[in-house]
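# Coordinate analysis (summary)
The chain contents come next:
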Amino acid sequence: MPVRRKQMLAFHRRYHDVYNMKALCKFCQKFGEPGNGDSSEPWDRILFETPNFVVVPTIGSIIPGWLLVVSRHHFLCMGTMGDALMSELRDVRRLATRALVDQFGPVASFEHGPAEPRTSVGCGVDHAHLHLIATDVRLVDGARRITQEPLSWVPVDGLDATTLYHQRRIPYVYVELPDGKAWLGTSSNIESQLFRKVIAAASGRTDVFDWKCHSFEGNAHETVRAVEAWKLKQRS
């Protein structure tokens, strides 16, 4: 097959993959446009928003004080974003973190960064989202203890480091602790919902990590109430 034809076929496959993912993606359907958020469920309640990001509680909040920063447009992971979006992400993340710190205590963050759609590291959600969670659990140490396949960890300066990993088609997990120290973990096979398993283990409930089976709706409601109270206090 001529090289040009191979390139065109590859382009069309990628185009249809992205099109299909956007058509099927629940985050795109819920948050793709301003005003799209449906607050009938607590995890659909938009607590903060910018032109390109929303901040919402997460389904499967094993503990209260757990938020997601979700891109409005369809990106596979944070590592696919350019400098302008990363700057906007830092701003909205800083605001949401302030709210969580004031209401719940120290905040860590993490992201699962797939290199391709439909892999275990994506945890069934192939749309960029960053977890913000009020915890002092040492997430990297916890992952080392429970993971089935050891990850290779390197310290990094921040979330911007994910860009190079994605460009090289390397799946990753990103962790930032409350003290600001950040790490990237890589492996050929990163297991699904790794940090949910770490949080569940630290909570003494190893069997409740799966967001598809355990919604923890009460914790999501508690997060909404606390953040809304914080926002009201900022306006007064």
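Attention in this report is confined to the structure presented alongside it. (Residues numbered from 1 in each chain as written. Predicted model: local features only at pLDDT ≥ 70, side-chain atom pairs only at ≥ 80, totals over all residues. Heavy atoms only, no water.)

It is worth spelling out the packing of helix α3 (residues 83-104) against helix α7 (residues 217-235) at this point. The N-to-C vectors of α3 and α7 enclose an angle of 105°; their axes lie 10 Å apart at closest approach. Put simply, α3 runs roughly perpendicular to α7. Along the contact surface, α3 presents Leu95, Arg98, Ala99, Leu100, Asp102, Gln103 and Phe104, while α7 presents Glu222, Thr223, Ala226, Val227, Ala229, Trp230, Lys233 and Gln234. Residue classes in the contact of α3 with α7 are distributed as 8 nonpolar, 3 polar and 4 charged. (Axes fitted to C-alpha atoms, helices over the stretch in contact; angles between N-to-C directions. Helix = DSSP H or I, 4+ residues; strand = E, 2+ residues; numbered from the N terminus. Parallel < 35°, antiparallel > 145°, perpendicular 65-115°, else oblique. Contact = heavy atoms within 4.5 Å. Nonpolar A, V, L, I, M, F, W, Y, C, P; charged D, E, K, R; others polar.)

In space, the 8 strands of this open sheet follow the order β1-β2-β3-β5-β4-β7-β8-β6, with antiparallel pairing throughout. On the outer flanks of this sheet lie β1 (48-49) and β6 (152-156), each paired with one strand and no other. In this structure, strand β4 (residues 107-113) lies alongside strand β5 (residues 129-134), joined through 4 bridges in antiparallel fashion. Following the sheet pairing, Ser109 is matched in β5 by Leu132. Seen against the sheet, α3 touches β1, β2 (53-57), β3 (66-71), β4, β5 and β7 (172-176) and runs at an angle of roughly 20° to β5. (Pairing = 2+ DSSP bridges.)

What follows concerns the packing of aromatic side chains. If you walk through the whole model with that rule in mind, you get 3 aromatic pairs. Pairing Phe48 with Trp230 gives two aromatic rings, centres 6.2 Å apart and planes at 75°, and the pair type is edge-to-face. One end of the pair, Phe48, is in strand β1; the other, Trp230, is in helix α7, with 182 residues separating them in the sequence. Its relative accessible area of 3% is what places Trp230 among the buried residues. (Phe/Tyr/Trp six-rings, centres within 6.5 Å; stacked < 30°, edge-to-face > 60°. Buried < 20%, exposed > 50% of the residue type's maximum accessible area, 1.4 Å probe, protein only.)

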